[in-house]
Amino acid sequence: MDDAEVVIGPVNLAARVDEALAVQALAFGLDAGEVAVRHHIVLRHLLSPGARAHGATTPDGRLVGFVYGMPNDRTHWWSTVVETYLRATGTADWLDDSFVITELHVHPDFQGRGVGRELITTLTDGAAEPRSILSAIDTDSPARGLYRALGYEDLARQVHFPSAPRPYAVMGAPLPLKRRN
């Protein structure tokens, strides 16, 4: 990644939620209805204790990537869904003392340039928790390759979220995340 091209750092995601969701819509293939639902979800997540966000911004101020997360809370919807799957694999303890990566998305024009790696590592470097968890579509994708390179391992696969058409994998990694050799 050319550091002069994109700056990674904390971002007021609540103030830039529409820009962030436009990036997510392109990166993740969301339609307008899905974006509208996620708008409220993101704003609600950002009110959670310890929630933090980082953005990738071009010199002209355009948001081209973002990540946000928070200390995991077993009472949150995501945790209640994945807990059954994690119990089945003997990894439910990962729901405790973990920083969950809620969303990580990079504009397609900026993918494959280290932006996602920089976003997730800078965000998790500030976490007080000893480990991180996340979910990703359960397919062999560049995103899953990145997570594996950072030290994430599968905790459960074929996780089905209500209304999600494809199954997910739940992954976990000790913090700090691995860096390139």
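Described in the following lines is the structure provided in the data block. (Residues numbered from 1 in each chain as written. Predicted model: local features only at pLDDT ≥ 70, side-chain atom pairs only at ≥ 80, totals over all residues. Heavy atoms only, no water.)

## Brief notes about the nonpolar core
Note the cut-off: Residue types Ala, Val, Leu, Ile, Met, Phe, Trp, Tyr and Cys, when buried and joined through side-chain atoms within 4.5 Å, form a set referred to as a nonpolar core. Relative accessibility under 20% of the residue-type maximum defines a buried residue, over 50% an exposed one, and the middle range a partly exposed one, all with a 1.4 Å probe and only protein chains included. Here a strand is any run of E in DSSP of at least two residues, a helix any run of H or I of at least four, and the numbering for each starts at the N terminus. Contacts are assigned to residue pairs that have any heavy atoms within 4.5 Å of one another.
Judged by nonpolar contacts, the single largest core of 27 residues is most densely connected at L13, W78, V82 and L86. When contributions to this core are tallied by element, the ones reaching two or more residues are α1 (17-28), β3 (63-71), α3 (77-88), β5 (131-137), β6 (153-159) and β7 (168-174). Once residues lying within four places of it in the same chain are set aside, the contact partners of V82 are L95, V159, F161 and V170. Counting 25 residues, the second largest nonpolar core, distinct from the first, contains I101, V106, L119 and M171.

## Some thoughts on the environment of A32
Along the chain, A32 turns up in helix α2 (residues 32-45). You can call A32 exposed: its relative accessible area is 64%. The spacing of A32 and L21 is eleven residues in sequence and 9.9 Å in space, taken between C-alpha atoms.

## A few points about helix α5 (residues 142-149)
Rule in force here: The arc refers to the directions leading from the helix axis to the C-beta atoms.
Considered for burial, the residues of α5 that qualify are R144, L146 and Y147. The buried residues of α5 occupy an angular sector of 155° when projected down its axis, which confines them to one face. Buried residues in α5 make contact with β4 (98-106), α4 (115-125), β5, β6 and β7. Phi for G151, located one or two positions after α5, is positive at around 110°.

## Some points on α3
Residues lying three or four places apart along an α-helix face the same way, a consequence of the helix completing one turn every 3.6 residues. Looking only at α3, the buried set comprises W78, S79, V81, V82, E83 and L86. Once α3 ends, the next one or two residues include G90, with phi positive near 70°.

## What about the environment of A20?
Tracing the backbone through its elements, the reader meets A20 in helix α1. By relative accessible area, A20 is classed as buried at 2%. The spacing of A20 and R148 is 128 residues in sequence and 24 Å in space, taken between C-alpha atoms. Not counting residues up to four positions away in its chain, the partners in contact with A20 are L13, L63 and F66.

## A look at the sheet that holds strand β2 (residues 52-57)
Keep this limit in mind: Each pair of strands is called paired provided DSSP finds at least two bridges between the two strands. Note on definitions: angles span 0 to 180 degrees between N-to-C directions of axes, and those axes are lines fitted to C-alpha atoms, for helices only across the stretch in contact.
One open sheet holds the seven strands; their spatial order is β1-β2-β3-β4-β5-β7-β6, and the pairing between them is mixed. The open sheet has two edge strands with one neighbour each: β1 (7-10) and β6. Taken pair by pair, the neighbouring strands of this sheet meet at an average axis angle of 20°, ignoring direction. Here β5 pairs with β7 via seven bridges, running antiparallel. Opposite R131, over in β7, you have P174 as the bridge partner.

## Remarks on the pattern of salt bridges
We apply this condition: Definition used for salt bridges: Asp or Glu carboxyl oxygen within 4 Å of a side-chain nitrogen of Lys or Arg.
Tallied over the full model, the rule gives twelve salt bridges. For R144, the salt bridge goes to D154, with nearest N and O atoms at 2.7 Å. Placement of the pair is R144 in helix α5 and D154 in strand β6, with a sequence separation of ten residues. With relative accessibility at 32%, the residue D154 sits in the partly exposed group. For R157, the salt bridge is made with D154, and the minimal N-O distance between the two is 3.7 Å.

## A few points about the packing of α1 against α2
To be explicit about the condition: Note that the term roughly parallel is reserved for angles under 35 degrees, roughly antiparallel for angles over 145, roughly perpendicular for angles of 65 to 115, and oblique for everything else. Here a crossing is taken to be left-handed if its near helix is turned anticlockwise relative to the far helix by less than a right angle, and right-handed if that turn runs clockwise. Any residue outside Ala, Val, Leu, Ile, Met, Phe, Trp, Tyr, Cys, Pro, Asp, Glu, Lys and Arg is labelled polar, Gly included; the first ten of those are nonpolar and the last four are charged.
Axis separation between α1 and α2 bottoms out at 10 Å; the angle between their running directions is 130°. By the angle between their directions, the pair α1 and α2 is classed as oblique. Where α1 crosses over α2, the two elements pack in a sense that is right-handed. Only V35, R38, H39, V42 and L43 of α2 make contact with α1, whose side of the interface consists of V17, D18, L21, Q24, A25 and F28. Across the contact of α1 with α2, the residue classes break down as seven nonpolar, two polar and two charged.

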